[in-house]
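# Chain and residue survey
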Amino acid sequence: MKVLVIGNGGREHALCWHLAEHSSAVEVFCAPGSDAIAEHAQPVPIKVDDVQSLADFATDLHIDLTIVGPELPLSLGIVDEFRSRELTIFGPSRDAAQLESSKVFAKEFMLRHDIPTAGFDVAHDINDLENILERFSFPVALKADGLAAGKGVILCADRADALEAGKTFFEERRFGTSGDRVVVEEFLQGEEVSFIALCDGKRLLPMATSKDYKRIRDDDQGPNTGGMGAHSPSGIVEPDAAREVFERVLMPTVEGMKAEGCPFVGFLYAGLMMTAAGPKVLEFNTRLGDPEAQPLLMRLENDLASLLSAGAKGDFGVDRLTFRREVAACVVLAAEGYPGSATTGVPIEGLDEARSGDGVEIFHAGTRRNAESSEFEVAGGRVLSVCATGASLRDALRSAYQAADRIRWPGRQMRTDIGRRVIEQDHEAHSGVINLPRDLGQGTP
Ligand code: AMP
Ligand code: GLY
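What counts as what
- Residues numbered from 1 in each chain as written.
- Chains lettered and ligands numbered in written order.
- Predicted model: local features only at pLDDT ≥ 70, side-chain atom pairs only at ≥ 80, totals over all residues.
- Heavy atoms only, no water.
- Pairing = 2+ DSSP bridges.
- Helix = DSSP H or I, 4+ residues; strand = E, 2+ residues; numbered from the N terminus.
- Contact = heavy atoms within 4.5 Å.
- Axes fitted to C-alpha atoms, helices over the stretch in contact; angles between N-to-C directions.
- Near = heavy atom within 4 Å.
- Areas by Shrake-Rupley, 256 points an atom, 1.4 Å probe, with all protein chains shown as cover.
- Nonpolar A, V, L, I, M, F, W, Y, C, P; charged D, E, K, R; others polar.
- Salt bridge = Lys/Arg side-chain N within 4 Å of Asp/Glu carboxyl O.
- Buried < 20%, exposed > 50% of the residue type's maximum accessible area, 1.4 Å probe, protein only.
- Expected span 1.5 Å × (residues − 1).
- Bend = angle between axes of the 7 residues up to and from the residue.
- Polar contact = N/O pair within 3.5 Å; in protein donor to acceptor, adjacent residues only side chain to side chain.

### Points about the sheet that holds strand 22 (residues 382-390)
With respect to topology, 5 strands assemble into an open sheet ordered 12-15-18-22-19, the strand pairing being antiparallel. Both outer strands of the open sheet, strand 12 (211-212) and strand 19 (360-364), are each paired with one neighbouring strand and no more. Pairing of strand 12 with strand 15 (residues 229-232), which is carried by 2 bridges, proceeds in the antiparallel orientation. Pairing of D212 across the sheet is with A230, part of strand 15. Across the sheet, helix 13 (residues 393-405) touches strand 15, strand 18 (327-334), strand 19 and strand 22, and the angle it forms with strand 22 is around 140 degrees.

Okay, structure coming up:
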């Protein structure tokens, strides 16, 4: 079976690794891939937004299954294009991908289907924003409607802050047309968790729970990033709460999309705040999270190629996913300057030594081989996901940090507190594997 993975980050490296390790008789390609991903998959030099060329390649090579990593090609309609050529692809159509590519669409959808989320309004210009703010208490969250690489949310302490933030959307136009409409949202308090499920249009297969750490510095300080670390299980969600999330958020989303004539196929990711009033949706993603995918894939035992191929054709054919009991943790090493402009071209030391640790896997995101020395060097903002499994979160993190400490370059950034609060609260016993009752997650046929 020939499988094409679209993307070149840590998530896609982990996908290619999983396919190579756990799927039988697969030949893996990755577009564009990277020097590191080349260990598991043949690189294909086509950019993720060049949908036509990707479809031409898949047609010419008789690719049996395509798996889409990032959101951009989904929002450009890669799935519609592949399906029109009768190519099997696992991911949502352009319309279904609006759950991520338009925050206004997602909020209005949740309102229509009574899915719990923060109260909100939509501002179309600065005057609109001024009026809307009269009805909100502070802090508030302002969110660009469109894709903004994880940087389109501004948390505002007071009215002056919010009006200042409004200018970056409407006057400076920092997010381009993505900021033409701005969601003004009630501020939520609680622990953030990620729920990811696989969906074949009608049924959900829940992945184990996971948690990512978005801020650049320890204790959730500094600006938001794509994610600086993750672990699975999340350690903070009890099985009952997990079931509540499926009953109140994920199933109604799948049912709602189907009822609106836009069935959702792909990875459905709900970013939630577990508030005192129950779980509330912060955002949907229509793909695997990065870095959550890395620890999740280290635990997943299913054969992804046959599973996703069946799902893309409308029926997974299995009732549940299986995860190793072990905990998996991931520590992201980022370049100097990230999440602003990253300092690249710096040699990375200690990779081989770090890889030799017990249960350690290193997934590359922003790296390339130096043309002369052929050693790896920094080539992007988030550089490496250093992952490890262990019997407990404490063990997994110890191994991941031991490996991470061996990897050095000038200006390297790393959070030192991934998972610390979860361990301190001693919440780590539950495996995070969500076994839904038989009647839930099955959807209507
Ligand atoms: P989003 O891209 O919508 O998930 O937002 C990025 C991050 O901003 C989230 O992971 C939260 O940490 C924070 N955030 C977003 N919306 C809210 C909200 N309504 N209340 C509090 N924090 C929020
Ligand atoms: N880690 C969050 C994301 O992938 O959007």
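### Observations regarding the site of ligand 1
The environment of ligand 1 is made up of 15 residues, and the closest members are K143, E185, E186, L188 and E192. In isolation ligand 1 offers 470 Å² of accessible surface; the protein chains occlude 94% of this area. Of all elements in the fold, only strand 7 (140-144), strand 8 (153-156), strand 9 (182-186) and strand 17 (278-285) reach the threshold of two or more residues within the shell around ligand 1. Here the shell around ligand 1 is built from residues that sort into 7 nonpolar, 1 polar and 7 charged.

### A short note on the pattern of salt bridges
On inspection of all chains with the given rule, the structure shows 33 salt bridges. A salt bridge links K214 to E283, with the nearest nitrogen and oxygen atoms 4.0 Å apart. Taken as a pair, K214 in the loop between strand 12 and strand 13 (215-217) and E283 in strand 17 lie far apart in primary sequence, 69 residues in all. Exposure remark for K214: the relative accessible area of 21% places this residue in the partly exposed category. Here R415 and D220 are joined by a salt bridge, their closest N and O atoms 3.0 Å apart. Residue R415 is located in the loop between helix 13 and helix 14 (420-424), and its partner D220 is located in the loop between strand 13 and strand 14 (221-224); the two are separated by 195 residues in the primary sequence. Salt bridges linked by common partners bring E191, K211, D220, R415, D417 and R421 together as one network.

### Examining the sheet that holds strand 16 (residues 265-275)
Two strands in a sheet stick together by hydrogen bonds in their backbones, pointing the same way (parallel) or opposite ways (antiparallel). Taken together, the 4 strands give an open sheet; going across it, the order is 11-10-16-17, and neighbouring strands pair in antiparallel fashion. The sheet terminates laterally at strand 11 (204-206) and strand 17, the two strands that pair on one side only. Averaged over all neighbouring strand pairs, the angle between strand axes comes to 35 degrees, with direction disregarded. Two strands pair when backbone bridges link them, and strand 16 and strand 17 are joined in this way by 7 bridges, in the antiparallel orientation. Looking across to strand 17, one finds that A270 is bridged to F284. In this fold helix 9 (residues 239-259) packs onto strand 10 (191-200), strand 11, strand 16 and strand 17, with an angle of close to 130 degrees to the strand it touches most, strand 16.

### A look at helix 9
Over its 21 residues, helix 9 runs 28 Å from end to end, which matches the ideal 30 Å to within 8%, given 1.5 Å per residue. At F246, helix 9 is bent by approximately 35 degrees, the largest bend along its length. What helix 9 keeps buried is the set A242, V245, F246, V249, L250, M251, P252, T253, V254, G256 and M257. On its buried side, helix 9 packs onto helix 5 (98-101), helix 6 (103-112), strand 10, strand 11, strand 16 and strand 17. Looking one or two residues beyond helix 9, the residue adopting positive phi is G261, at roughly 80 degrees.

### Topic: the environment of H40
As for its placement among the helices and strands, H40 is situated in the loop between strand 2 (27-32) and strand 3 (42-43). Between the C-alpha atoms of H40 and Y401, which are 361 residues apart in sequence, the distance is 24 Å.

### Thoughts on the site of ligand 2
Around ligand 2 sit D212, G226, Y269, N285, R287, G289, D290, P291 and E292, and that is every residue in its neighbourhood. A distance of 2.7 Å separates a nitrogen atom of ligand 2 from a polar side-chain atom of D212. Measuring from an oxygen atom of ligand 2, one finds a backbone N or O atom of D290 at 2.9 Å. Coverage of ligand 2 by the protein amounts to 90% of the 200 Å² it exposes when considered alone. A per-class count over the shell around ligand 2 returns 2 nonpolar, 3 polar and 4 charged.

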